[in-house]
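# Tertiary structure, described
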Amino acid sequence: MGRKRHPLEDSDVDISVSPPKRSAAGLPSLSETLRHAVAYMGPSRAWKTLTAVNQKDGFDCMSCAWPDPPERKAAEFCENGAKAIGWEAEPLKIPRDFWADNSLSSLEHRSEYWLGQQGRLVEPVHKAAGSDHYVPISWDDAFEVVAGELNKLDNPDQATFYTSGRTSNEAAFLYQLFVRAFGTNNLPDCSNMCHESTGVAMGETIGVGKSAVTYTDFAAADLIIIMGQNPGTCHPRMLTALEEAKQAGAEIVAVNPLPEAGLINFRNPQRPSGLIGKGTDLADQFLQIRIAGDMALLQALSKRVLDAERASPGTVLDRTFIEEHCQGFVGFAAHLATLNEHDVLAATGLTSAEIDELAGRYLRAEKVIIAWAMGLTQHKKAVPTIKEIINLLLLRGNIGKPGAGPCPIRGHSNVQGDRTMGIWEKMPPRFLDALRREFGFDPPRHAGVDAVDSIRGMREERIKVLVALGGNLVHAMSDTGVAEAAVRRTRLSVQVSTKLNRSHVVVGEQALILPTLGRTEIDRQGSVEQFVTVEDTVCAVHRSSGPLEPIAPEVLSEVAIISNIAQAVLGIKVPVDWAGLGSDYDAIRDHISHVVPGFEDFNNRIREKDGFVLPHGPRDSRTFPTATGKAGFSVNDLETIAIPRGRLLLQTLRSHDQFNTTIYSLNDRYRGIKKGRMVLFVNPQDLAELGYADGEYVDVHSEADDGVDRVLPQLRLVSYPTARGCAAAYYPEANVLVPLDSTADESNTPASKSVIIRLEPAAAPVYGTAAGQRN
Ligand SMILES: Nc1nc2c(c(=O)[nH]1)N[C@H]1C(S)=C(S)[C@@H](COP(=O)(O)OP(=O)(O)OC[C@H]3O[C@@H](n4cnc5c(=O)[nH]c(N)nc54)[C@H](O)[C@@H]3O)O[C@H]1N2
Ligand SMILES: Nc1nc2c(c(=O)[nH]1)N[C@H]1C(S)=C(S)[C@@H](COP(=O)(O)OP(=O)(O)OC[C@H]3O[C@@H](n4cnc5c(=O)[nH]c(N)nc54)[C@H](O)[C@@H]3O)O[C@H]1N2
Ligand SMILES: [Mo]
C-alpha cells in the first residue's frame, strides 16, 4: 500500500506557498482522487467503495449533505468524497498494545492529523479514574460503566448527549428516545456550531428551517447567488449542478472575501473537455465582500429593488405574492428607506456600482436561488443576515416556484436528518406529544442545553457526564482552552467513534471509547443485513448500506451501542423494547413513521429505489407554518463590527484536505499551500500597512470584551488576495482564538468567522530558526 503507516508528526517546517488556483477540479483532482483512494484502501477496496458510493443501492457519501442527481453517473463522487471514504475504509486497525504504549498525557501532544492516521478503533477501551492509560474493556462492562455514572446523577440534566451529523436517522431517533426516556433534553449537536443560525432565521420567517429548493431547481434558475460558501472544497459535486445551470442559461454570482477557485472556474472531471479544456467559467460576478458585510449588502439590494418599484410602480415587486402570502412588508420597506449607503460601503468594502450590478441581475431574473453556508452562519449577526436573504427573496416571490428559493447548504451528510429525528435541545411540544403517544412515557418538557451551554455546564460542574455520538466536540468547539478544561471536569466522558481524535485524549475523570461501524461497512444484526437512511440538504430521504465487511467482528453499529446503553441504564423503566429496536431497524422506522411528520409508511416508501422527498409547505404550496400562517418580512437593524485601527477581522475556515477536525493532509491545493496549516492569509496592502512581509511569522492575539489574551503562536504570513481588513486561518487550530461567549445572537452559534485579531512578531523562535528566514 502506498501510504506510510505512521507518518511523521506534522511540524510545519516545510510550508511552501504558491499563488492560488483560478480553477477547481480537472485533471489534478482526478489524479488526487485515485492516488488517495488507492493509497489508503488498495485497488480492490477502492473499487468496491467508489462504485457503491451515492448509487441507489449503495451508501451515502459522508463528506457532505449535497444531494444526488436524479440520474446517477457511474462515478458519483468527488475528490473529497474519495478522501473521506479512504480515511474511514483504510484497513488499518489500532493495535491492542497501542493503549499500553501510549499514555493519555503523551497522546495529548499529538496533532489531530497524527491521531487520525492511527487506524480504526476496534475494541472498547476504558480509562479509570486516576489512570493515564486506556485499557481494553468488554462491551458489557463498558455499558455498565455508563449506566453506573448516569444512574448516580442527582438529576438527568447533569448529563449531556452530543451528536455529530454523520449519525443515521435510525441511530439518531433511537438516541434521542433514550435520552428523553432518561429524562433530559440535553441533546446538543454539531448543528449548534453550523447552520443553527439558518434554522432560527428561516423558522421565524417562513416556518421551515430547510432548503426550499430541490436538485432540479438549479437548472431551472435564472440567477444563483452563492454567499459564504466554498463549494469547490466543501460540496464539490455542487459544481456539476452549477455547470448544468450555467449551460441552461443561469447567471451565477459569488459573494465571498476570498476568490475561491471553485467559484471561478470548474473543470468537470466527468467530461473529457473538463480534463483537457478550459473548463466552465462559473461566476458572472464576484463580489469580494468584507467579512460580516453581507447583511449590509442584502439590505442595499432590497433597497434598490424597492427604489426600482417606486420608479416604475407595479412592475418590480410581486404584489400578489406579497399580499396573499406575506406580512410585515410596510414596516420593512419603511425601515430600509433609512438605510445609509455610506454604512453599506464601509461594511461591505464594495462599490455602489458593484451593488447596482447585482441588483440589476436580481431584477432581470424571474427565478432566483440564494445559497449559503458557514460564511453567513458563524457571525454575531448571522440570524438577521439570513432573515435579509428571506426579505430579498420575498420581494419578488422567489420562493415556492421552480428555480427559486432560499438554499442553505448543509455540511455533515445527515445533520439535517438528525434534526428531523429529534436531535435538538428544544424540540417543539408536538414532537414530544407524539413521543408520549407512541411510547407511553412523558418526555421532559424544559429545554436542554446546546453545544456552547454544554461546555459552560461542564465548566461549572453542573454537567458531570458527556456522551458523544460521533464528532470531536472539544476541538470543533470555540475557545479550545476553555472547552478542554470543561470536559476535564466531568466524571465521565464517552465517545462513540470510528477513529481517534482530540476528544478521546482530553477527557473526564473516567473515559470510554466505544468503537463503531462507519457508512462503508455492512451492518448485520443477527444474520440480517440492515440498512440505514439519511436526509440530504434538499430534504430527500434515501437508504444507505455499505459494501465492506466490518473492520473487526467486535465492532458494533451505532444503533446497537445505543440500544445496549439504554438497556443498561433504563432496564424496564420505560415501556420501550430496546433490544428489539437494536436488532431490527425496520422496527425503528415503524416508530419514526408514527412520530415524525412526512415519514408515513416509511418502510415501504424507502424501499422504492429513489427514496422520497419530505414535504415542505413553503416550497410545495406557498404554505407558511409560522404563527401568522404568512411569510414574515423582518426589520433588522444594521449593526457592523467596529474594527480598531491596526486590527484585522479573522475568519476560520477549512483547507481542501480536511473534513472538519479530520486532517487528511497538510496541503490546501487551491490556495497554494503545501505541507503546513499554520498560516495566516492577509491582503498584501494590509500586510504593508501593518509593517509585515509575506513569509514572516507572527503570533496572533484575539481581542475580546472579556479581556482574556488568547494567542495562536507562530503563524506564517501569506500575502493573499482576500478582502481588505480581513484575514483567514484554518479551523480547528484557530479555535483557540474564538471566545466561548462570542456567539451569534439568538442561535448561540460560535462567531468563528468574525474574530478581531492583532498581530505581533512571533515571540519564540520559529521551529528553531529565526522568523522570516524560511519561505
Ligand atoms: N471536504 C470537506 N467537505 C466538507 C467539510 C469539510 O471540512 N471538508 N465540512 C462539511 C461541513 S460540516 C460544513 S458546515 C460545510 C462547510 O462548507 P463551507 O461553509 O463552504 O466551509 P468553510 O471552509 O467554513 O468556508 C466558508 C466560506 O465562506 C467564506 N466567508 C467567510 N466569512 C464570510 C463572510 O462574512 N461573508 C461571506 N459572504 N463569505 C464569507 C469563506 O471565504 C469561505 O469561502 O462543508 C461540509 N463539507
Ligand atoms: N473555528 C471554527 N469552528 C468550527 C467550524 C468553523 O468553520 N470554524 N465549523 C463548525 C461546524 S460547521 C461543524 S459541523 C463542527 C463539526 O463538529 P463535529 O461534527 O463534532 O466534528 P468532526 O470533525 O466532523 O468529527 C469527526 C469525528 O467523528 C468521528 N466519526 C467519523 N465517522 C463516524 C461515524 O460514522 N460514526 C461515529 N460515531 N463517529 C464517526 C471520528 O472519530 C472523527 O474523528 O465544527 C464546528 N467548528
Ligand atoms: Mo457543519
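What you are looking at is a predicted structure, and each value in this text was computed from that prediction instead of being measured. Counting of residues starts from 1 at the beginning of each chain's written sequence and follows it residue by residue. Chain labels run from A onward and ligand labels from 1 onward, assigned in the order the entries are written. With the structure being a predicted model, the display of local features is reserved for residues of pLDDT at least 70 and the display and counting of side-chain atom pairs for 80 or more, all residues being used for whole-chain, interface and lining totals. In computing side-chain values, all of the structure's heavy atoms are included and hydrogens and water are not.

## Thoughts on the overall build of the protein chain
- Tallying secondary structure elements over the protein chain gives 31 helices and 31 strands in all.
- As a reference, a globule follows 2.2 Å times the number of residues to the power 0.38, and the radius of gyration itself is taken over C-alpha atoms. Against the compact-globule benchmark of 28 Å for 775 residues, the protein chain has a radius of gyration of 25 Å, which places it among compact chains.
- If you line up the protein chain on its principal axes, its C-alpha atoms span 75 × 65 × 55 Å.
- Values of accessible area rely on a 1.4 Å probe in the Shrake-Rupley scheme; residue burial ignores everything except the protein chains shown. Of the roughly 26,600 Å² that the protein chain leaves accessible, carbon and sulfur atoms contribute 53%. Strands here mean DSSP runs of E at least two residues long; helices mean DSSP runs of H or I at least four residues long; both are numbered from the N terminus.

## Some points on the domain arrangement of the protein chain
- Looking at the protein chain, the domain boundaries give domain 1 (111-191 + 415-522 + 553-583), domain 2 (196-408) and domain 3 (648-774).
- Summing both partners gives a buried area of about 1,500 Å² for domain 1 against domain 3, and 50% of it is carried by carbon and sulfur.
- Here's the idea: put two parts together, see how much 1.4 Å probe accessible area each one loses, and the total over both is what we call buried area. Among the residues domain 1 hides against domain 3, the three largest losses belong to Tyr113, Ser478 and Asp479. Together they make up 34% of the total.
- Salt bridge, as used here, is a side-chain nitrogen of Lys or Arg placed within 4 Å of a carboxyl oxygen of Asp or Glu. Here domain 1 and domain 3 share two salt bridges between them.
- Of the charged contacts, one joins Asp741 and Arg456 as a salt bridge, the two residues approaching to 2.8 Å between their closest N and O atoms.
- The definition of a polar contact used here is a pair of N or O atoms within 3.5 Å, where within protein one atom must be able to donate a hydrogen and the other to accept one, and adjacent residues in sequence count solely through side-chain atom pairs. Linking domain 1 with domain 3 are eleven residue pairs in polar contact (both at pLDDT 80 or more).
- When contributions to the side of domain 1 that touches domain 3 are tallied by element, the ones reaching two or more residues are α5 (112-116), α23 (451-459), α24 (473-476) and α25 (480-488). Note that the domain bounds were set by an automatic or database domain assignment.

## Structural notes on the site of ligand 2
- In the neighbourhood of ligand 2, 31 residues make up the surrounding shell, with Tyr162, Ala476, Glu558, Thr661 and Tyr731 lying closest.
- Within the backbone of Gly471, an N or O atom sits 3.1 Å from an oxygen atom of ligand 2.
- Within the backbone of Ala476, a nitrogen or oxygen atom sits 2.7 Å from a nitrogen atom of ligand 2.
- In isolation ligand 2 exposes 930 Å². Once the protein is present, 97% of that is buried.
- Amino acids are sorted into nonpolar (Ala, Val, Leu, Ile, Met, Phe, Trp, Tyr, Cys and Pro), charged (Asp, Glu, Lys and Arg) and polar (every other residue, Gly among them). For the shell around ligand 2, a count of residues per class yields ten nonpolar, 16 polar and five charged.
- Two domains each provide a minimum of three residues to the shell around ligand 2, namely domain 1 (111-191 + 415-522 + 553-583) and domain 3 (648-774). It suffices for a single heavy atom of a residue to lie within 4 Å of a molecule or strand for the residue to be listed as near it.

## Things to note about the sheet that holds strand β2 (residues 24-25)
- Read from one edge of the open sheet, three strands run β2-β8-β9, paired in mixed fashion. Two strands close off the open sheet at either side, each with one partner strand: β2 and β9 (280-281).
- When β2 meets strand β8 (residues 265-267), the two strands line up parallel, connected through two bridges. If you follow Ala25 over to β8, its bridge partner there is Arg267. Only strands joined by at least two bridges in the DSSP assignment are considered to pair.

## Re unusual backbone geometry
- The residue after Tyr731, namely Pro732, is reached through a cis peptide bond having omega 5 degrees.
- Take Pro732: it is sitting in the loop between β30 (726-730) and β31 (755-761).
- Positive phi, normally seen in glycine, also occurs at Cys539, with a value near 70 degrees.
- Note on exposure labels: buried denotes an accessible area under 20% of the residue type's maximum, exposed denotes more than 50%, and partly exposed covers the range between, all computed with a 1.4 Å probe on protein chains only. Note on Cys539: relative accessible area 1%, which makes it buried.
- The phi angle at Asn660 is positive, at roughly 50 degrees, despite the residue not being glycine.
- Here Asn660 lies in the loop between β24 (658-659) and β25 (662-663).

## Some details on the site of ligand 1
- Lining the immediate environment of ligand 1, one finds 33 residues, of which Asn256, Glu260, Ala292, Gln658 and Asn660 sit closest.
- For ligand 1, a nitrogen atom lies 3.1 Å from a polar atom in the backbone of Val255.
- With respect to ligand 1, the side chain of His379 contributes an N or O atom lying 2.9 Å from an oxygen atom.
- For ligand 1, whose free accessible area comes to 910 Å², the fraction covered by protein is 99%.
- For the shell around ligand 1, the secondary-structure elements that each account for two or more residues are α10 (231-234), α19 (374-377), β23 (648-653) and β24.
- Top element by residues in the shell around ligand 1 is α19. It accounts for three residues.
- Classifying every residue of the shell around ligand 1 gives 14 nonpolar, 15 polar and four charged.
- There are two domains that each give the shell around ligand 1 at least three residues, and those are domain 2 (196-408) and domain 3 (648-774).

## Let's talk about helix α2 (residues 79-89)
- The buried fraction of α2 amounts to eleven of the eleven residues, a majority that puts the element mostly inside the structure.
- By the burial criterion, the buried members of α2 are Glu79, Asn80, Gly81, Ala82, Lys83, Ala84, Ile85, Gly86, Trp87, Glu88 and Ala89.
- Contacts are residue-level and defined by heavy atoms, with any inter-residue pair within 4.5 Å sufficient. Buried positions along α2 lie against α1 (26-50), α5, α10 and β25.

## Regarding the packing of α1 against α2
- Remark: α1 packs on α2, axes separated minimally by 9 Å, with the N-to-C direction vectors making an angle of 40 degrees. Here α2 runs oblique to α1, going by the angle between their axes. Handedness of the crossing formed by α1 with α2: left-handed. From α1, Ser29, Glu32, Thr33, His36, Tyr40, Met41, Arg45, Thr49 and Leu50 reach across to α2, where they touch Glu79, Ala82, Lys83, Ile85, Gly86, Trp87 and Ala89. For every element, the axis is a line fit to its C-alpha atoms; helices are fit only across the contacting stretch, and the angle between N-to-C directions ranges from 0 to 180 degrees. Orientation is classified from the angle alone, with under 35 degrees giving roughly parallel, over 145 giving roughly antiparallel, 65 to 115 giving roughly perpendicular, and any other angle giving oblique. Each crossing gets its hand from how the near helix is turned against the far one by less than a right angle, where anticlockwise is left-handed and clockwise is right-handed.

## Section: the packing of aromatic side chains
- For Phe, Tyr and Trp, rings pair up if their centres lie within 6.5 Å, where Trp contributes its six-membered ring, and each pair is then called stacked (planes under 30 degrees apart), edge-to-face (over 60) or tilted (otherwise). Per the stated rule, a full pass over the model turns up 20 aromatic pairs.
- For the pair Phe98 and Trp114, a centre-to-centre distance of 6.4 Å together with 25 degrees between the ring planes defines the contact as stacked. Here Phe98 is found in helix α3 (residues 98-101), whereas its partner Trp114 is found in helix α5, with 16 residues between them in sequence. The pair formed by Phe98 and Trp114 is uniform in burial state, with each residue classed as buried.
- Among the aromatic residues, those joined into a ring-pair cluster are Phe161, Tyr175, Phe178, Phe182 and Trp578.
- Think of it as a cone above the ring: NZ of Lys or CZ of Arg counts as a charge over the ring if it is within 6 Å of the ring centre and within 35 degrees of the ring normal. In this structure, Arg166 is placed above the aromatic ring of Phe659, and the distance from its NZ or CZ to the ring centre is 4.9 Å.

## A few points about the packing of helix α7 (residues 169-182) against helix α28 (residues 585-595)
- At a minimum axis distance of 10 Å, the contact between α7 and α28 shows a crossing angle of 70 degrees. Between α7 and α28, the crossing angle belongs to the class labelled roughly perpendicular. Crossing of α7 over α28 shows left-handed handedness. Where α7 approaches α28, its residues Asn169, Glu170, Phe173 and Leu174 are matched on the opposing element by Tyr585, Ile588, Arg589, His591, Ile592 and Val595.

## Details of the nonpolar core
- The definition of a nonpolar core used throughout is a set of buried Ala, Val, Leu, Ile, Met, Phe, Trp, Tyr and Cys residues joined through side-chain atoms within 4.5 Å. Among the nonpolar cores identified, the biggest contains 64 residues, and Leu150, Phe161, Phe178 and Trp578 are the most heavily contacted of them.
- A per-element tally of this core places α7 first, with ten residues.
- Non-local contacts of Phe178, meaning those with residues more than four positions away in its chain, are made with Leu150, Phe161, Ile562, Ile565, Ala566, Val569, Leu570 and Trp578.
- Counting residues in each nonpolar core, the second largest holds 54 residues, with Val200, Met227, Leu306 and Cys326 among its members.

## Section: helix α8 (residues 196-206)
- With eight of eleven residues buried, α8 lies mostly within the body of the structure.
- Taken as a whole, α8 has its buried residues at Glu196, Ser197, Thr198, Val200, Ala201, Met202, Thr205 and Ile206.

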